[in-house]
Amino acid sequence: MATITIPTILAHTIKFGLRRGQRLVEMLTQRDVVKDSDVALWALNADIAIMTESDALAWRSALAQLSQLENVFSFTLPYYTGPVTEYAGAAPVVNGALVAGALHFKADGVTANANIFKRGDYFTVNSEFKIVTRDANSDNDGNLVVHFEPKLRGAVSDNTVTVIDTPAVLMKMKQPAGGWHIRPRKFHKINLDAIESI
């Protein structure tokens with residue numbers, strides 16, 4: 001597996017969100033039942049801005065390499081520069097080891113009495129990309145509790161530092177194809193359709 005560097009994404013539209021392995025099944029009794037699965041992956045579909053051929057060179061190279069599904073790329077949401085609270089202090093540090101399946105953790109090491117996260121903010125912990133599901137404010141000692149989705153896939157050690165300013169998710173293409181549309185005058189339009197790599 002190789003991590004391929006992709007150019008900066010200047011997109012017309014980006015669809016980014018969680019895709020879960022759940023499915024809805026209608027029973028003979030006319031009741032809906034959700035069949036649960038532990039799988040929850042981040043999915044990305046981005047229409048990259050139309051560019052000239054010279055601007056498209058790096059994209060064509062990256063897409064050709066990403067057509068090999070063992071290759072991945074690191075995706076950071078464009079224009080996301082940290083929590084909406086504009087908190088700029090030290091990143092939260094996990095306080096106590098976490099087990100797979102956790103949906104919250106205690107943290108310390110942040111500025112006391114500060115608004116750290118608003119629900120909807122992003123972070124990574126142990127290379128896992130997460131979305132905050134409740135506002136998180138620190139107490140007088142710089143401690144807080146962070147609630148998030150999706151649940152942890154693996155254990156996290158005590159004193160692991162989170163990434164809050166440029167959280168990234170490792171992704172791969174959904175199909176073993178890397179292509180682009182070429183329009184008159186050699187303008188290129190690229191669609192990036194990817195899923196989290198675990």
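Relevant structure appears above.
Residues numbered from 1 in each chain as written. Predicted model: local features only at pLDDT ≥ 70, side-chain atom pairs only at ≥ 80, totals over all residues. Heavy atoms only, no water.

**Points about the side chain of Ser197**
Then step 1. Within the secondary structure layout, Ser197 lies in the segment after strand 15 (188-196).
Then step 2. Overall, the relative accessible area of 16% leaves Ser197 in the buried class.
Then step 3. Beyond its immediate sequence surroundings of up to four residues, Ser197 is in contact with Val72, Leu170, Met171 and Lys172. (Helix = DSSP H or I, 4+ residues; strand = E, 2+ residues; numbered from the N terminus. Buried < 20%, exposed > 50% of the residue type's maximum accessible area, 1.4 Å probe, protein only. Contact = heavy atoms within 4.5 Å.)

**A word on the pattern of salt bridges**
Then step 1. Counting across every chain of the model gives five salt bridges.
Then step 2. Here Glu149 ties to Arg20 by a salt bridge, and the two come within 2.8 Å at their closest N and O atoms. Linking Glu149 in strand 12 (residues 144-149) with Arg20 in strand 1 (residues 11-20), this pair joins segments that are 129 residues apart in sequence.
Then step 3. According to the relative accessible area criterion, Arg20 is partly exposed, its value standing at 40%. (Salt bridge = Lys/Arg side-chain N within 4 Å of Asp/Glu carboxyl O.)

**Some words on unusual backbone geometry**
Then step 1. Along the chain, Glu149 connects to Pro150 via a cis peptide bond; the corresponding omega equals -15°.
Then step 2. Mapping Pro150 onto the fold places it in the loop between strand 12 and strand 13 (169-173).
Then step 3. Although it is not a glycine, Ser127 sits at a positive phi angle of roughly 65°.
Then step 4. Along the chain, Ser127 falls in the loop between strand 9 (122-125) and strand 10 (128-132).
Then step 5. For Ser127, a relative accessible area of 71% gives the class exposed.

**Focus on helix 1 (residues 53-66)**
Then step 1. The end-to-end C-alpha separation of helix 1 is 19 Å, in line with the 20 Å expected for 14 residues at 1.5 Å each.
Then step 2. At Trp59, helix 1 shows its largest bend, some 25°.
Then step 3. Of all the residues in helix 1, the buried ones are Ala56, Trp59, Arg60, Ala62, Leu63 and Leu66.
Then step 4. The secondary structure elements touched by the buried residues of helix 1 are strand 4 (40-51), strand 5 (73-75), strand 13 and strand 15. (Expected span 1.5 Å × (residues − 1). Bend = angle between axes of the 7 residues up to and from the residue.)

**Digging into the environment of Leu152**
Then step 1. Here Leu152 is to be found in the loop between strand 12 and strand 13.
Then step 2. Leu152 gets classed as buried once you look at its relative accessible area, which sits at 4%.
Then step 3. Leu152 has contacts with Leu98, Val99, Ala100, Gly101, Ala102, Val125, Glu128 and Lys130, leaving out every residue within four places of it along the chain.

**Overview of the nonpolar core**
What tends to happen in soluble globular proteins is that the nonpolar side chains get buried as a cluster.
Then step 1. The biggest cluster of nonpolar side chains holds 26 residues, and the ones touching the most others in it are Phe16, Leu44, Trp59, Phe73, Phe75, Met171 and Leu192.
Then step 2. Mapped onto this core, the elements with two or more residues apiece are strand 4, helix 1, strand 5, strand 13 and strand 15.
Then step 3. Apart from residues no more than four positions distant in its own chain, Phe16 is found in contact with Trp42, Ala43, Leu44, Phe75, Leu77, Tyr122, Phe129 and Val169. (Core = buried A, V, L, I, M, F, W, Y, C linked by side-chain atoms within 4.5 Å.)

**Details of the sheet that holds strand 12**
Then step 1. Reading across the sheet, the five strands line up as 6-7-12-10-9 and stay open at both edges, with antiparallel pairing between neighbours. Two strands bound the open sheet, and with one partner strand each, they are strand 6 (93-94) and strand 9.
Then step 2. Looking at chain direction, strand 9 and strand 10 are connected through four bridges and run antiparallel. Opposite Val125, over in strand 10, you have Glu128 as the bridge partner. (Pairing = 2+ DSSP bridges.)

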